[in-house]
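What follows is each chain in one-letter form.
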Amino acid sequence: MAEPTRLQQDLAERIIQLAREDGLAAGAWLNENNLAKRLNVSRTPVRAALSHLEGQGIVLRHPNKGVELVSALPLPADSGGSPDETDLALVRIARDRESGALGDDVSELELMRRYEMARPEIQRTLKRLAELEMVERKPGYGWRFLHESSDSSLRMERYRFRMLLEPMGFLEPGFRLDEHWAAEMLRRHRHTLTQPWRESSSVAFYEMNAAFHEGLAAASGNRFIHSAIRRENQMRRLSNYDWGSGTERVQVSCTEHIEILERLQAGDREIASVLMRRHLQRASELKRRVRQPPPTPG
């Protein structure tokens, strides 16, 4: 087998990263179209990258069915800790950003002191944030957050925008639901309903939630709808990593997502559209926690 190109290696690593963020495990199915859209490339390099992963025994291609994840996902090469540790660090950073305790510009040393973490752990966390386009390295020294924390009026405007857009995506003439993606999304939501909630669970929960809304936007067949929802997911990602609506809302959200997917599978797009608008309306009415900034470490 020929050596993979640098592009194929990079895409293979990014596919693993997406699968890790989505909380996928062995037995999950990967969709070439969905991966190509999320990675902003054509299907051809994605197919080559998946072939590279197949050679490593991570995925298996089934003719006329798709690509199955058959192995546990490898941890990042520089990872010295568990995924939960990084997720917990993301939750704490999100909490401090939301409260205003953490400014737009930060340094590794500042984060090490605030969260009492070693430099490799902080570097791993910053790398994760950079891959998710939430921070960027400043010229010379330090890091900068790319998105401001949202105030209540901005949050409501975003929900109003989504209520106008997402339900109508189901009624687009080019709407096409990918059955493999829908089945996998249903599996993940049902699995979430059976799991105990931990503080670090909020990261995987948000990524599943974002994948649900972005996947349905992609199914609309309208690239402008898809692009807009991807941008919305990106802008609200960090503020949602610190889940503030309780475990009961997790159950409600998963149940509503499942009902929407089942309606779409049955071809009831108009009913699904109504359900999506109601789902977003209810979410917009939730009151976010008001936090007091934690004391600055001495």
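That block above? That's the structure.
Since this is a predicted model, take the numbers as computed values, not measurements.

**Remarks on helix H11 (residues 246–265)**
- Taking 1.5 Å as the rise per residue, H11 with 20 residues should run 28 Å; its terminal C-alpha atoms sit 29 Å apart, in good agreement.
- Within H11, burial applies to Arg249, Val250, Ser253, Cys254, Glu256, His257, Ile258, Ile260, Leu261 and Leu264.
- The secondary structure elements touched by the buried residues of H11 are helix H8 (179–194), helix H9 (201–219) and helix H12 (269–284).
- Gly267 sits one or two residues past H11 and shows a positive phi near 85 degrees.

**Looking at the sheet that holds strand S6 (residues 143–145)**
- With antiparallel pairing, three strands are arranged side by side in an open sheet as S4-S6-S5. If you trace the sheet from one side to the other, it starts and ends with strand S4 (105–106) and strand S5 (135–137), each paired once.
- Where S5 meets S6, three bridges bridge the pair, whose relative direction is antiparallel. Its bridge partner being in S6, Arg137 is matched across the sheet by Trp143.

**Section: the pattern of salt bridges**
- This model, assessed by the stated rule, comprises 16 salt bridges.
- Put simply, Asp105 and Lys138 hold a salt bridge, and the shortest N to O gap is 3.8 Å. With a gap of 33 residues between them, Asp105 in strand S4 and Lys138 in the loop between S5 and S6 connect regions that are remote in the sequence.
- Its relative accessible area of 38% is what places Asp105 among the partly exposed residues.
- Where Arg144 meets Glu136, a salt bridge forms, and the shortest distance between an N and an O atom there is 3.9 Å.
- Three or more residues are tied together by salt bridges with common partners; here these are Glu32, Arg43, Arg47 and Arg61.

**Concerning the packing of aromatic side chains**
- Scanning the entire structure with this criterion turns up two aromatic pairs.
- Taking the centre distance of 5.8 Å and the plane angle of 70 degrees together, the rings of Phe170 and Phe175 count as edge-to-face. By the burial criterion, Phe170 is buried, and Phe175 matches it.
- Between Trp197 and Phe205, the ring centres sit 5.9 Å apart and the planes meet at 80 degrees, which makes this aromatic pair edge-to-face.
- Positioned over the ring face of Phe145 is Arg97, at 4.3 Å from the centre of the ring.

**Re the packing of H9 against H11**
- The interhelical angle for the contact between H9 and H11, taken along N-to-C directions, is 25 degrees, at an axis separation of 12 Å. Comparing the axis directions of H9 and H11 gives the class roughly parallel. The handedness of the crossing between H9 and H11 is left-handed. Of the residues in H11, those in contact with Phe205, Met208, Asn209, Phe212, His213 and Leu216 of H9 are Val250, Ser253, Cys254, His257, Ile260, Leu261 and Leu264.
- Of the residues assigned to the contact of H9 with H11, the class counts are nine nonpolar, four polar and no charged.

**With respect to the nonpolar core**
- Membership of the largest hydrophobic core comes to 27 residues, with the highest contact counts inside it found for Phe170, Leu216, Ile260, Leu261 and Leu264.
- Mapped by element, the contributors of at least two residues to this core are helix H7 (152–169), H8, H9, H11 and H12.
- The residues contacting Leu216, other than those within four sequence positions of it, are Phe170, Phe175, Leu177, Trp181, Ile260, Leu261, Leu264 and Met276.

**Brief notes about the pairing of strand S2 (residues 59–62)**
- Relative to strand S3 (residues 66–69), S2 runs antiparallel, the two sharing four bridges. Within S3, the position partnered with His62 by the bridge is Gly66.
- What sits between the antiparallel neighbours S2 and S3 is a turn of three residues, in which Asn64 has the positive phi angle 65 degrees.

**Some thoughts on the environment of Ile16**
- Among the structural elements, Ile16 can be located in helix H1 (residues 6–21).
- When the C-alpha positions of Ile16 and Leu69 are compared, they lie 10.0 Å apart, and in sequence the two are 53 residues distant.

**What about the pairing of S3?**
- Here strand S1 (residues 29–30) pairs with S3 via two bridges, running antiparallel. The residue of S3 that forms the bridge with Trp29 is Glu68.

**Concerning unusual backbone geometry**
- Even without being a glycine, Glu116 presents a positive backbone phi close to 55 degrees.
- Here Glu116 is to be found in the loop between helix H5 (108–115) and helix H6 (119–131).
- On the accessibility criterion, Glu116 (75% relative accessible area) is exposed.

**With respect to the sheet that holds S1**
- Taken together, three strands build an open sheet; the order of strands is S1-S3-S2 and the sheet is antiparallel. The sheet is open, and its two borders are formed by S1 and S2, each paired with just one other strand.
- On top of the sheet, helix H3 (residues 43–55) reaches S1, S2 and S3; it is set at about 120 degrees to S2, its chief contact.

**Some thoughts on the side chain of Asn34**
- Of note, Asn34 is situated in helix H2 (residues 32–39).
- Apart from residues no more than four positions distant in its own chain, Asn34 is found in contact with Trp181 and Gly215.

Calculation notes
- Residues numbered from 1 in each chain as written.
- Predicted model: local features only at pLDDT ≥ 70, side-chain atom pairs only at ≥ 80, totals over all residues.
- Heavy atoms only, no water.
- Helix = DSSP H or I, 4+ residues; strand = E, 2+ residues; numbered from the N terminus.
- Expected span 1.5 Å × (residues − 1).
- Buried < 20%, exposed > 50% of the residue type's maximum accessible area, 1.4 Å probe, protein only.
- Contact = heavy atoms within 4.5 Å.
- Pairing = 2+ DSSP bridges.
- Salt bridge = Lys/Arg side-chain N within 4 Å of Asp/Glu carboxyl O.
- Phe/Tyr/Trp six-rings, centres within 6.5 Å; stacked < 30°, edge-to-face > 60°.
- Lys NZ or Arg CZ within 6 Å of the ring centre and 35° of its normal.
- Axes fitted to C-alpha atoms, helices over the stretch in contact; angles between N-to-C directions.
- Parallel < 35°, antiparallel > 145°, perpendicular 65-115°, else oblique.
- Left-handed = near helix turned anticlockwise from the far one by under 90°.
- Nonpolar A, V, L, I, M, F, W, Y, C, P; charged D, E, K, R; others polar.
- Core = buried A, V, L, I, M, F, W, Y, C linked by side-chain atoms within 4.5 Å.

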